[in-house]
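# Structural overview
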Amino acid sequence: MSESPFRTEPNPRDHAPQFVLPLVVRIEKADPPARTDALETAARAVLVLLSDERSLGDGEWAGVVRDWQDARIRKVVRRARGAEWRRAGALPGITVTGKEAEVRVFPPVPLDGWPKELAKLQVSGTDLDDPQPPPAADPGAVTLWMSPEVEMSAGKAMAQAGHGAQLAWWELSDGERTAWRDAGFPLAVRTADPRRWRELTASGLPLVRDAGFTEIAPGSCTVIADHPALR
C-alpha cells in the first residue's frame, strides 16, 4: 500500500517549506451543488492542475507545485458566492465544472501566504447534501472510496477526495496518466459500506491517512483510490 504523505509520523517532508493547495467551491444560497458532485469535481480539479502544462517541466506553476509536493500535501477548500466567486475567478487558476458544481483550483501558496481574495473566504459552511442517493459506482471505473467510519463536512471531504485522486495519479505510468487525462478524468466518489471498506483497506490500493489538522483525528483513514490500472 502506498505511503500517504498526509499522515502525522515524523517525516523529512516536515522540514521543507509548507505550502497549501487552495480550492474554492461555488455555493450560492439558492442553488448549492449536490455533495457528491462537489466531491467529484474537487477531485478532478486537483488532477487538472497536476496535469496542466503550467504545472509541469518549466511551467510557470511548476516550482510551487514541486515545493508543495515536497512537503506535506495540504489542501484547503473554501466557499464563495456572488462577488466573492467573481473575485476568486480573477486570480490565476482553473475552474472545473461537474454536473452542476463549480470548483476553482489555484497553484499552491505558502501556508501563511494566501492571496487576500482567498484568505477572507470561509472554510465553514460547506455542509452539502445529496438530494438523491448517488448510483452505484461502475466496477470498471475509477472510484475514490470514502470511509464509512469518519464523518466530515463536505469541504473536508472534498479535500480528502483530492488527496485520493492525487495518490492514484502518482501511482500511474505516464501512459496511464495520459489516457485518464484525455478521457477527462472520469471518476466517482462513493462511501464504501463497512464490509467493502475492510476489503479495500487490505487490498494494497493507495490509502489516505489524514494528518489531523482539522475536523478528524490524526491518522484517520479517509479515502482509498481504486483505479483499474492499480488493481
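Everything discussed here concerns the structure shown above.
Note that the structure is a prediction, hence the values are computed from the model and not measured.

How each quantity is defined
Residues numbered from 1 in each chain as written. Predicted model: local features only at pLDDT ≥ 70, side-chain atom pairs only at ≥ 80, totals over all residues. Heavy atoms only, no water. Phe/Tyr/Trp six-rings, centres within 6.5 Å; stacked < 30°, edge-to-face > 60°. Helix = DSSP H or I, 4+ residues; strand = E, 2+ residues; numbered from the N terminus. Buried < 20%, exposed > 50% of the residue type's maximum accessible area, 1.4 Å probe, protein only. Polar contact = N/O pair within 3.5 Å; in protein donor to acceptor, adjacent residues only side chain to side chain. Axes fitted to C-alpha atoms, helices over the stretch in contact; angles between N-to-C directions. Parallel < 35°, antiparallel > 145°, perpendicular 65-115°, else oblique. Left-handed = near helix turned anticlockwise from the far one by under 90°. Contact = heavy atoms within 4.5 Å. Nonpolar A, V, L, I, M, F, W, Y, C, P; charged D, E, K, R; others polar. Salt bridge = Lys/Arg side-chain N within 4 Å of Asp/Glu carboxyl O. Pairing = 2+ DSSP bridges.

## As for the packing of aromatic side chains
Evaluation of the coordinates by the stated rule reveals two aromatic pairs. With a centroid separation of 5.7 Å and 70° between ring planes, the pair formed by Trp-169 and Phe-185 is classed as edge-to-face. Pair noted here: Trp-169 is in helix H5 (residues 154-171) and Phe-185 is in the loop between helix H6 (174-182) and strand E7 (188-191), with a separation of 16 residues, a long-range link. Both residues of the pair, Trp-169 and Phe-185, belong to the buried class. Centroid distance Trp-180 to Phe-185: 5.5 Å. Interplanar angle 80°. Geometry classified as edge-to-face.

## Details of the side chain of Asp-210
Considering the arrangement of structural elements, one finds Asp-210 in the loop between strand E8 (207-209) and strand E9 (221-226). For Asp-210, a relative accessible area of 5% gives the class buried. At 2.9 Å, the side chain of Asp-210 forms a polar contact with the side chain of Gln-160.

## Regarding the packing of helix H1 (residues 35-51) against H5
Packed helices, taken two at a time, are described by the angle between their axes plus the distance between the axes. With their axes 8 Å apart at the nearest point, H1 and H5 run at an angle of 40° to one another. Taken together, the axis directions place H1 and H5 in an arrangement best described as oblique. Our pair here, H1 against H5, has a crossing hand that is right-handed. Here H1 contributes Arg-35, Ala-38, Leu-39, Ala-42, Ala-43, Val-46, Leu-47, Leu-50 and Ser-51 to the contact with H5, which in turn contributes Ala-154, Ala-157, Met-158, Ala-161, Gly-162, Ala-165, Gln-166 and Trp-169. Along the lines of polarity and charge, the residues of the contact of H1 with H5 split into 13 nonpolar, three polar and one charged.

## Concerning the pattern of salt bridges
For the structure on display, the rule yields twelve salt bridges. With a closest N to O distance of 3.5 Å, Glu-117 and Lys-116 form a salt bridge. Judged by its relative accessible area of 22%, Glu-117 is partly exposed. Salt bridges sharing common partners tie together Arg-195, Arg-196, Glu-199, Asp-226 and Arg-231.

## Some details on the sheet that holds E9
Strand order in the open sheet made by the four strands is E7-E6-E9-E8, with mixed pairing throughout. Looking at which strands have only one partner, the edges of the open sheet turn out to be E7 and E8. For this sheet, the mean angle separating the axes of adjacent strands, direction not counted, is 20°. As paired strands, strand E6 (residues 143-146) and E7 are joined by four bridges and run parallel to one another. In the strand pairing of E7, Leu-144 is matched with Val-189. Of the strands in this sheet, E6 and E7 touch H1, which is tilted by about 130° from E7.

## Examining the environment of Arg-44
Within the fold, Arg-44 resides in helix H1. A relative accessible area of 15% means that Arg-44 is categorised as buried. Between the alpha carbons of Arg-44 and Val-96 there is a distance of 7.4 Å; along the sequence they are 52 residues apart. Filtering out sequence-adjacent residues up to four positions away, Arg-44 remains in contact with Val-96, Thr-97, Gly-98, Gly-184, Phe-185 and Leu-187.

## Description of the pairing of strand E3 (residues 94-97)
Burial of E3 is one-sided: the residues Ile-94 and Val-96 facing one way are buried, the residues Thr-95 and Thr-97 facing the other way are not. With four bridges joining them, E3 and strand E4 (residues 102-105) adopt antiparallel strand pairing. The residue bridging Val-96 from the neighbouring strand is Val-103, located in E4. Hairpin remark: E3 followed by E4, antiparallel, with four residues in the connecting loop.

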